[in-house]
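Structure assessment
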Amino acid sequence: MKISRIISVVLTAAIVVSAFAMPSLAAALKSEENSSMYDLTVNYRELPLGIDTAPVFGWKLSLGGYNRSQSAYRITVADTKENAEAQNGTVWDSKKQSGENNYDIKYKGGALKSQSEYFWTVEVWDENDISLGVSPAACFETGLIDESDWSAKFIQASKESDVSIDFSGANW
């Protein structure tokens, strides 16, 4: 009788523990699926056009569950959307960088071309150094970067102009 009572208590305890443990285990597994990178920005704007300074990258991170954080990131910049999505950094690859920072990440690649479209992605690792995947590709376009790109001339009246403006009768 005493042994059956002990077995009964142990089984009851096991059922209670598993009832509490299973939801938290399921939540932990589900949190991996709910993690994402979004609102990718360049120079603090989404999909900026005409940037003429070195890009500064940022993103927001949604991590499901509690006590979650970013431990590393990798940014790839490419000349096509396909290359960016494949993480083929034809323009720049930051390689895996340790850190929780997800804003003010400065571009450290080669010179960018004027009036060009670039695509980029970010891959993020969590506190357990597990990749959370790669973001959807975002893009940015450069403006006129070099002074030689400018060919405009100032609009002004010619010096020989014999324009005479009569302000008589004007009320200010």
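Use the structure listed above.
Just so it is clear, the structure is predicted and the values come from calculations on it, not from any experiment.

Take unusual backbone geometry next. With a phi close to 50°, Leu-47 is a non-glycine residue in the positive phi region. Following the sequence through the fold, Leu-47 ends up in the loop between β1 (36–42) and β2 (56–62). In the Ramachandran plot, Gln-87 falls in the positive-phi region, its phi being about 55° despite a non-glycine side chain. By relative accessible area, which is 17% here, Gln-87 ends up buried.

This part takes up the environment of Thr-41. In this fold, Thr-41 is placed in strand β1. Judged by its relative accessible area of 18%, Thr-41 is buried. A sequence separation of 62 residues divides Thr-41 from Tyr-103, and the C-alpha atoms of the two residues are 8.7 Å apart. Here Thr-41 is in contact with Glu-46, Val-56, Phe-57, Gly-58 and Trp-120, once residues within four sequence places are set aside.

Within this structure, the stated rule accounts for six salt bridges. In this structure, the salt-bridge partner of Arg-68 is Glu-127, at a minimum N-O distance of 3.0 Å. Highlighted residues: Arg-68 in the loop between β2 and β3 (70–78) and Glu-127 in the loop between β7 (117–126) and β8 (131–134), separated in sequence by 59 residues. Notably, a salt bridge pairs Asp-129 with Lys-96, separated by 2.7 Å at the nearest N-O pair. With Asp-129 in the loop between β7 and β8 and Lys-96 in the loop between β4 (92–93) and β5 (97–98), this pair connects stretches of sequence that are 33 residues apart. On the basis of relative accessibility, which here comes to 45%, the residue Asp-129 falls in the partly exposed class.

Assignment of secondary structure puts Arg-74 in strand β3. Looking at Arg-74, its side chain comes within polar contact range of the side chain of Asp-93, at 2.5 Å. Each residue touching Arg-74, except ones within four places of it in the same chain, is listed here: Gln-87, Asp-93, Ser-94, Lys-95, Lys-96, Thr-121, Val-122, Glu-123 and Trp-125.

Cut-offs applied
- Residues numbered from 1 in each chain as written.
- Predicted model: local features only at pLDDT ≥ 70, side-chain atom pairs only at ≥ 80, totals over all residues.
- Heavy atoms only, no water.
- Helix = DSSP H or I, 4+ residues; strand = E, 2+ residues; numbered from the N terminus.
- Buried < 20%, exposed > 50% of the residue type's maximum accessible area, 1.4 Å probe, protein only.
- Contact = heavy atoms within 4.5 Å.
- Salt bridge = Lys/Arg side-chain N within 4 Å of Asp/Glu carboxyl O.
- Polar contact = N/O pair within 3.5 Å; in protein donor to acceptor, adjacent residues only side chain to side chain.

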